[in-house]
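# A structural walkthrough
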Amino acid sequence: MKRRPGIGGLQTTAATRWLYKLVGENVAKVKTDLLKEQLATFRSHLEDFTRKHKNDIRKNPTFRVQFHEMCAKVGVDPLASN
């Protein structure tokens, strides 16, 4: 016959769940902060690329369309990067 968990077992289970939740929230925050930092770096490099290759972007219509689509997905305004 199986015994039911006592008060101590229930408290241990609750404490364990709380710790796992706390660790999970911490990991999610660290990953979110890292992703925000990477996105900011990417935006900065994309703006630098826009300044350096402005003439190529203007001359090649296919490249220009693809570049504008990529900028829109990331949230960079290529016209503001002048």
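Above this text is the structure in question.
Summary of the structure given here. (Residues numbered from 1 in each chain as written. Predicted model: local features only at pLDDT ≥ 70, side-chain atom pairs only at ≥ 80, totals over all residues. Heavy atoms only, no water.)

## Overview of the nonpolar core
Soluble, globular proteins show a tendency: their nonpolar side chains are buried together. Inclusion rule: The set of buried Ala, Val, Leu, Ile, Met, Phe, Trp, Tyr and Cys residues whose side-chain atoms join them within 4.5 Å is what this entry labels a nonpolar core. Residue burial is assigned from relative accessible area. The probe radius is 1.4 Å, only protein chains are included, and a residue is buried under 20% of its type maximum, exposed over 50%, and partly exposed in between. A helix here means a DSSP run of H or I that spans at least four residues, while a strand means a run of E at least two residues long, and both kinds are numbered starting from the N terminus. Here, two residues are considered to be in contact whenever any of their heavy atoms come within 4.5 Å of each other.
Counting residues in each nonpolar core, the largest one holds six residues, listed as L46, I57, F67, C71, V74 and V76. Ranked by residue count, the leading element in this core is helix α3 (residues 61-74), at three residues. Not counting residues within four places of it along the chain, the set of residues in contact with V74 comprises L39, F42 and R43.

## Concerning the packing of aromatic side chains
Note the cut-off: Ring pairs shown here join Phe, Tyr and Trp side chains whose ring centres sit within 6.5 Å, with only the six-membered ring taken for Trp; geometry is labelled stacked below 30 degrees between planes, edge-to-face above 60, and tilted in between.
All told, the structure shown has three aromatic pairs when counted by the stated rule. Plain terms: the ring middles of F49 and F63 are 6.4 Å apart, the flat faces sit at 70 degrees to each other, and that makes the pair edge-to-face. Remark: F63 occurs in helix α3 and F49 occurs in helix α1 (residues 7-52); sequence separation between them is 14 residues. For F49, a relative accessible area of 32% gives the class partly exposed. Considering the side-chain rings of F49 and F67, the 5.9 Å spacing of their centres and the 40 degrees angle between planes classify their relative orientation as tilted. With F49 in helix α1 and F67 in helix α3, this residue pair connects regions lying 18 residues apart in the sequence. Note on F67: relative accessible area 3%, which makes it buried.

## Here we look at the packing of α1 against α3
The following threshold applies: With axes taken as lines fitted to C-alpha atoms, and helix axes fitted only over the stretch in contact, angles between N-to-C directions fall between 0 and 180 degrees. With respect to orientation, any angle under 35 degrees is reported as roughly parallel, any angle over 145 as roughly antiparallel, any angle of 65 to 115 as roughly perpendicular, and every other angle as oblique. Crossing handedness: left-handed means the near helix sits turned counterclockwise from the far one by under a right angle, and right-handed means the same turn made clockwise. Side-chain classes are defined by residue name, with Ala, Val, Leu, Ile, Met, Phe, Trp, Tyr, Cys and Pro counting as nonpolar, Asp, Glu, Lys and Arg as charged, and the others, Gly among them, as polar.
Where α1 meets α3, the axes come as close as 11 Å, and the angle between the chain directions of the two elements is 155 degrees. With respect to each other, α1 and α3 are oriented roughly antiparallel. For α1 against α3, the interelement crossing comes out left-handed. In this structure, α1 uses L39, F42, R43, L46, F49 and T50 to contact α3, whose residues at the interface are F63, F67, M70, C71 and V74. Considered class by class, the residues forming the contact of α1 with α3 number nine nonpolar, one polar and one charged.

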